[in-house]
Amino acid sequence: MVDKKVFAGLGLVFGLLLVLAIILVFGKSDAKKTDLTLYYINPTDYILEKKIVTVDGSADLGILLTNLFKGTDDQSLDNLFPVDVKYNSSKVDKENNILIVDLSKNVLAVNYGLEVNYLYIMSIINTIGDFTNYDSIKLTFDGKDVQFFNNGLYLGDALKRDY
């Protein structure tokens, strides 16, 4: 005959396994998700439009800009970034409260005309500004200052978010 203590122990183990199975099946996931606000050009109205993208885990500037540069599935918005654009690094000019963001120089390899070039650069500035809460953002390209984007848009100073 089996001891009552064995039955009680087996009952306890079975109960714990049942509770664990219920938690695994019906419990909330603790996986963190982060919403990113990305700005893309609306080619009909020549304005920037926000798109919210949710990513798994937490995000940094690299994840933010990678998502911006890969574009959107929304057919009403333009994806204008070259495929091999990348984020290199960032640093803060604490004295002037400016975020300096270094990107690959091929960001500058396009020319869509003055108005669209402005929106193209401002899509980067607004996306970074929303994420970091910096109002002034200076872009550099492969570690170098660039004064003008396609001989039109002045990039020699920090740019302000433009919403």
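Keep in mind it's a predicted model, so treat the numbers as computed, not measured.

Conventions and cut-offs
Throughout this document, residue positions are counted from 1 along each chain, in the order its sequence is written. Reporting in this predicted model follows two pLDDT cut-offs: at least 70 for local features of residues, and 80 or more for side-chain atom pairs to be given and counted; totals over whole chains, interfaces and linings ignore these cut-offs and use all residues. Values reported for side chains reflect all heavy atoms of the structure, with hydrogen atoms and water molecules removed beforehand. Note on exposure labels: buried denotes an accessible area under 20% of the residue type's maximum, exposed denotes more than 50%, and partly exposed covers the range between, all computed with a 1.4 Å probe on protein chains only. Here a helix means four or more residues in a row that DSSP labels H or I, a strand means two or more in a row labelled E, and each is numbered from the N terminus. Here the rule is simple: two strands pair whenever DSSP picks up at least two bridges between them. Any residue with an atom within 4 Å of a point lines the site, the site being either a cavity, points on a 1 Å grid over the protein atoms alone where a 1.4 Å probe fits but cannot get out, or a pocket, an open set with protein on both sides within 12 Å along at least 5 of 7 lines. Grid points are joined across faces, edges and corners, and a volume is the space filled by probe spheres set on the points. With its strands directed away from the observer, a crossover is right-handed exactly when the path from the first strand over the helix to the second travels clockwise.

Caption draft 1: Representation of the pairing of strand S5 (residues 136–141). A large share of S5 lies buried, amounting to six of its six residues. Across the two faces of S5 the burial is the same, with Ser136, Lys138 and Thr140 and Ile137, Leu139 and Phe141 all buried. As judged from the two bridges shared by S5 and strand S8 (residues 159–160), these two strands associate in the antiparallel manner. Counterpart to Ile137 in the pairing with S8 is Leu159.

Caption draft 2: Structural view of unusual backbone geometry. Within the chain, Tyr46 stands out as a residue other than glycine whose phi angle is a positive 50°. Among the structural elements, Tyr46 can be located in the loop between strand S1 (33–42) and strand S2 (47–56). Residue class for Tyr46 comes out partly exposed when judged on its relative accessible area of 40%. Its identity is not glycine, yet Asp142 carries a phi of approximately 50°, on the positive side. With respect to the helices and strands, the residue Asp142 is situated in the loop between S5 and strand S6 (148–149). On the accessibility criterion, Asp142 (37% relative accessible area) is partly exposed.

Caption draft 3: Layout of empty space enclosed by the protein. For the structure on display, the rule yields one cavity of 30 Å³ or more. One number sums up the size of the largest cavity: a volume of about 40 Å³. As for the largest cavity, its lining consists of Tyr39, Tyr40, Ile41, Asp78, Leu80, Phe81, Tyr120 and Ser123. Put simply, the parts of the chain that give the lining of the largest cavity at least two residues each are S1 and helix H3 (114–132).

Caption draft 4: Representation of the pairing of strand S4 (residues 98–103). Burial analysis of S4 places six of its six residues in the buried class, which makes it a mostly covered element. With burial as the criterion, each face of S4 is covered, one bearing Ile98, Ile100 and Asp102 and the other bearing Leu99, Val101 and Leu103. The sheet contact formed by S4 and S5 spans five bridges and is parallel. Its bridge partner being in S5, Asp102 is matched across the sheet by Thr140. Assessed by its sense of winding, the connection that carries the chain from S4 through H3 to S5 is right-handed.

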